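Working through the structure, step by step
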Amino acid sequence: MKAGTVTTGIAAAVIVTAGLSGCTAGASVGKKAADSAETLVAKLTKVSDEASKAGSAEVEMSVTMPDTGGKPVQVNGTYSWGNGLAMEAEMPAADLQMQDLVADGTITYRLVQGAYYYGIDPAPSGPFAGKTWLKLEASAVLGEQGAAGMGAGNNDPTAGLKSLKWASNVTEVGREDVNGKSSVHYRATVPVDKMGDSKAVFGAVGGGGATELVSDIWVDDKGMPSRLNQVFGNVTVNIDFLSFGVAKDIAIPPAADTADVTEAVKKGGAAQG
């Protein structure tokens with residue numbers, strides 16, 4: 001497992017955090033944009049508050065970025081922010097180039113307290129002998145600034161709605177069906193200088209050089225977000241929120257079952273079993 005391929009595996013969890021975190025406050029661009037943003041923020045404030053109270057959500061995501069070779073990578077799992085940021089999801093092992101480490105072709109991974117844990121089959125020998133988890137600190141791939149940005153701000157799946165206040169362009173697109181739910185579609189463009197901590201995280205996974213974050217948000221008739229699509233340069237993230245309040249304890253795997261590959265990845269080498 002090498003640094004470049006590890007980036008693909010953690011991208012979804014990283015970008016969910018970054019893209020949905022609150023952006024840095026700043027002046028709106030032009031009175032018309034400010035008025036539009038204020039109107040939409042007023043409508044969406046309750047949406048954000050109610051979703052924040054839920055504490056967790058079941059999501060289906062696809063992520064496309066340079067390290068995926070332009071191929072969307074599918075990730076399904078639970079995103080939790082009730083007791084600190086955490087996530088547990090599954091994705092194809094081949095997308096991580098870790099297919100030799102699991103028999104069933106699927107990797108389960110967790111994000112807990114700023115580190116990623118990848119579930120593997122126990123190896124009979126070698127550095128991973130008997131281990132069932134690989135640990136990777138986020139800073140190994142994102143750098144210290146990117147990792148700090150991932151954990152900063154309001155880490156819940158609707159904090160990003162509040163960034164509309166600083167968007168240079170905000171519109172209500174119309175009503176559409178999302179997974180059988182009638183939803184109102186909003187679109188916002190946030191300049192890169194208003195993105196705050198999110199800028200470092202998006203840039204670390206392939207969004208360098210982008211000038212804006214384009215977000216499409218759908219809100220259902222119950223006042224909850226049903227979908228969020230974001231584009232930042234060469235990075236695209238599509239997220240469907242299937243349900244909220246799916247309480248689940250996402251625990252750190254036992255230390256005795258875990259092999260830490262952080263230093264190997266930081267040095268740019270392979271972490272092989």
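The structure reproduced in this document is the subject of the present report. (Residues numbered from 1 in each chain as written. Predicted model: local features only at pLDDT ≥ 70, side-chain atom pairs only at ≥ 80, totals over all residues. Heavy atoms only, no water.)

Let us now look at the nonpolar core. One finds Met98, Ile107, Tyr109, Tyr118 and Leu134 to be the most contacted residues of the largest nonpolar core, which totals 47 residues. Residues Ala86, Val112, Tyr117 and Ile250 belong to the second largest nonpolar core, which totals 6 residues. (Core = buried A, V, L, I, M, F, W, Y, C linked by side-chain atoms within 4.5 Å. Buried < 20%, exposed > 50% of the residue type's maximum accessible area, 1.4 Å probe, protein only.)

Among the secondary structure elements, Thr236 is positioned in strand 11 (residues 235-244). Classification of Thr236 as partly exposed rests on a relative accessible area of 26%. A C-alpha to C-alpha distance of 5.1 Å links Thr236 and Thr64, two positions 172 residues apart in sequence. Once residues lying within four places of it in the same chain are set aside, the contact partners of Thr236 are Ser62, Val63, Thr64, Gln230 and Val231. (Helix = DSSP H or I, 4+ residues; strand = E, 2+ residues; numbered from the N terminus. Contact = heavy atoms within 4.5 Å.)

This part covers the environment of Met98. Locating Met98 in the fold gives a position in the loop between strand 3 (86-92) and strand 4 (106-112). Through-space distance from the C-alpha of Met98 to that of Tyr118 is 9.7 Å; in sequence the pair is 20 residues apart.

Taking burial as the measure, the 8 residues of strand 10 (residues 225-232) include 6 buried ones, the bulk of the element. Across 6 bridges, the pairing between strand 9 (residues 212-220) and strand 10 is antiparallel. Across the sheet, the residue bridging to Ser215 is Gln230, located in strand 10. Connecting the antiparallel pair strand 9 and strand 10 is a turn made up of 4 residues, with Gly223 showing a positive phi of about 80 degrees. (Pairing = 2+ DSSP bridges.)

Applying the stated rule across the entire model yields 6 salt bridges. Lys53 is the partner of Glu50 in a salt bridge, and the nearest nitrogen-oxygen pair spans 3.3 Å. Of this pair, Glu50 and Lys53 both sit in helix 2 (residues 31-54), 3 residues apart, roughly one helical turn. Take Glu50: its relative accessible area is 33%, and that puts it in the partly exposed class. For Arg110, the salt bridge identified is with Glu88, shortest N-O distance 2.6 Å. Taken as a pair, Arg110 in strand 4 and Glu88 in strand 3 lie far apart in primary sequence, 22 residues in all. (Salt bridge = Lys/Arg side-chain N within 4 Å of Asp/Glu carboxyl O.)

The 12 strands are arranged 7-8-9-10-11-1-2-3-4-5-6-12 in an open sheet whose pairing can be described as mixed. Each edge of the open sheet carries a strand with a single partner, namely strand 7 (169-178) and strand 12 (258-260). On average, adjacent strands in this sheet sit at an angle of 20 degrees to one another, irrespective of strand direction. Pairing analysis gives 5 bridges linking strand 2 (residues 73-80) to strand 3, with the strands arranged antiparallel. By the bridge assignment, Gly77 is partnered in strand 3 with Ala89. (Axes fitted to C-alpha atoms, helices over the stretch in contact; angles between N-to-C directions.)

Right, let's get into the pairing of strand 4. The buried fraction of strand 4 amounts to 5 of the 7 residues, a majority that puts the element mostly inside the structure. Pairing of strand 3 with strand 4 involves 7 bridges; the strand directions are antiparallel. In the strand pairing of strand 4, Pro92 is matched with Thr106. For strand 4 and strand 5 (residues 115-119), the ladder comprises 4 bridges, and the chain directions are antiparallel. Bridge pairing in strand 5 places Leu111 opposite Tyr116. Between the end of strand 4 and the start of strand 5, which pair antiparallel, lie 2 residues, with Gln113 showing a positive phi angle near 50 degrees.

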